[in-house]
Amino acid sequence: MISHLPTDIVDEVISYLRDDANTLRACTLLNADWTVAARRLLFASASVHLDNPKKYGQHALLDRAAKHLRAFADFLDRTPYACGFVKKLQLVSPLVDISDVSFKDDDDPPEDSDPDNGHTVDFHVDLRDLFLVLQKLPALHNLVVTATLWSPLTEDGALDPETVSGLRCPWIKSLTISTSTKYRPYPIKSTQVAAILHLLPGLSELSITCGAIRLLGDTARAQTIMPQEMALRTLFLDSNEML
């Protein structure tokens with residue numbers, strides 16, 4: 001009988017179905033052993049897809065990004081068994097030319113937008129919102145962030161030790177960041193990268209592809225404070241411009 005198969009056999013059979021989500025869902029209806037094995041693959045990779053900026057004004061993107069993260073956090077709270085299965089998380093938003101975005105009357109285009117040359121739109125998320133979600137995923141090893149920028153922990157780039165210690169996720173080993181690379185994109189700031197490295201002390205692989213990276217702070221108060229100890233072994237940086 002299928003219900004009496006050893007667990008290792010069940011795992012072996014399920015492994016051949018990793019790309020067949022419908023069959024995996026059907027397997028969750030058999031019994032406890034098949035349910036756990038199937039869920040392990042169903043939830044191994046998760047994605048949070050953000051809204052298309054064409055639908056909303058630029059300022060509204062901040063609030064909507066937070067709502068998406070909160071909705072994903074609520075899902076994890078309702079299905080706690082999934083938290084231990086997620087090994088890869090992708091935060092994805094569409095790359096859209098700002099010339100295609102319809103802004104509301106009270107929502108002006110970004111100051112550095114160029115109507116003649118165009119400007120791509122990246123989502124902005126609050127780093128605290130993101131890491132409060134990551135805290136719920138103890139098996140997560142691979143984080144992929146596409147067309148999304150994030151705030152440093154404070155406006156001046158300073159790091160609050162209590163905030164950092166409360167948000168750290170040392171179990172994440174790989175981070176891939178890909179932002180807009182055409183037109184005049186928002187640059188990734190060194191303070192943002194430093195904040196990520198403080199919050200991911202176990203990170204061994206970091207890949208950044210972006211249109212521009214700002215090495216110096218925007219103000220005299222902004223300082224890039226790198227961690228004293230890092231586990232980073234591989235760093236890939238592809239940027240069109242250093243500011």
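Treat the numbers as computed from the prediction; the structure is a model and nothing was measured. (Residues numbered from 1 in each chain as written. Predicted model: local features only at pLDDT ≥ 70, side-chain atom pairs only at ≥ 80, totals over all residues. Heavy atoms only, no water.)

## A look at the overall build of the protein chain
Piece 1. Along its length, the protein chain carries eight helices and 11 strands.
Piece 2. Sequence separation of at least 24 residues holds for 84% of the intrachain contacts in the protein chain that already meet a minimum separation of 6.
Piece 3. When the accessible surface of the protein chain is split by element, carbon and sulfur atoms take 52% of a total near 13,200 Å². (Helix = DSSP H or I, 4+ residues; strand = E, 2+ residues; numbered from the N terminus. Contact = heavy atoms within 4.5 Å. Areas by Shrake-Rupley, 256 points an atom, 1.4 Å probe, with all protein chains shown as cover.)

## What to know about the environment of Leu41
Piece 1. Tracing the backbone through its elements, the reader meets Leu41 in helix H3 (residues 32-42).
Piece 2. For the pair Leu41 and Leu24, spaced 17 residues apart in sequence, the C-alpha to C-alpha distance is 7.9 Å.
Piece 3. Each residue touching Leu41, except ones within four places of it in the same chain, is listed here: Ile14, Ser15, Arg18 and Leu24.

## Here's the deal with the environment of Leu89
Piece 1. Residue position: Leu89 is located in strand S2 (residues 88-92).
Piece 2. The residues contacting Leu89, other than those within four sequence positions of it, are Ala46, Ser47, Val48, Phe72, Leu134, Leu137, Leu140, Asn142, Leu143 and Val144.

## A short note on the pairing of strand S1 (residues 45-49)
Piece 1. Only one face of S1 is buried: it carries Ala46 and Val48, and the other face, with Ser45, Ser47 and His49, is open.
Piece 2. Note that S1 and S2 share five bridges and pair parallel. Residue pairing across strands places Ser47 opposite Gln90, the latter belonging to S2. (Buried < 20%, exposed > 50% of the residue type's maximum accessible area, 1.4 Å probe, protein only. Pairing = 2+ DSSP bridges.)

## Focus: the pattern of salt bridges
Piece 1. Considering all chains together, one arrives at two salt bridges under this definition.
Piece 2. Put simply, Arg40 and Asp11 hold a salt bridge, and the shortest N to O gap is 3.7 Å. Linking Arg40 in helix H3 with Asp11 in helix H1 (residues 7-15), this pair joins segments that are 29 residues apart in sequence. (Salt bridge = Lys/Arg side-chain N within 4 Å of Asp/Glu carboxyl O.)

## Digging into the packing of H1 against H3
Piece 1. Remark: H1 packs on H3, axes separated minimally by 9 Å, with the N-to-C direction vectors making an angle of 40°. In terms of orientation, H1 and H3 fall into the oblique class. In this structure, H1 crosses over H3, and the sense of that crossing is right-handed. Two secondary-structure elements touch here, H1 through Thr7, Val10, Asp11, Val13, Ile14 and Ser15 and H3 through Asp33, Trp34, Ala37, Ala38, Arg40 and Leu41.
Piece 2. For the contact of H1 with H3, a count of residues per class yields seven nonpolar, two polar and three charged. (Axes fitted to C-alpha atoms, helices over the stretch in contact; angles between N-to-C directions. Parallel < 35°, antiparallel > 145°, perpendicular 65-115°, else oblique. Left-handed = near helix turned anticlockwise from the far one by under 90°. Nonpolar A, V, L, I, M, F, W, Y, C, P; charged D, E, K, R; others polar.)

## A word on the confidence of the model for the protein chain
Piece 1. In this model, the protein chain carries an average pLDDT of 76, and 67% of its residues clear a pLDDT of 70 or more.
Piece 2. Every residue in residues 96-120 scores below 50 in pLDDT, and together they form 54 contacts with partners more than four places removed in sequence or on other chains. (pLDDT = per-residue confidence, 0-100.)

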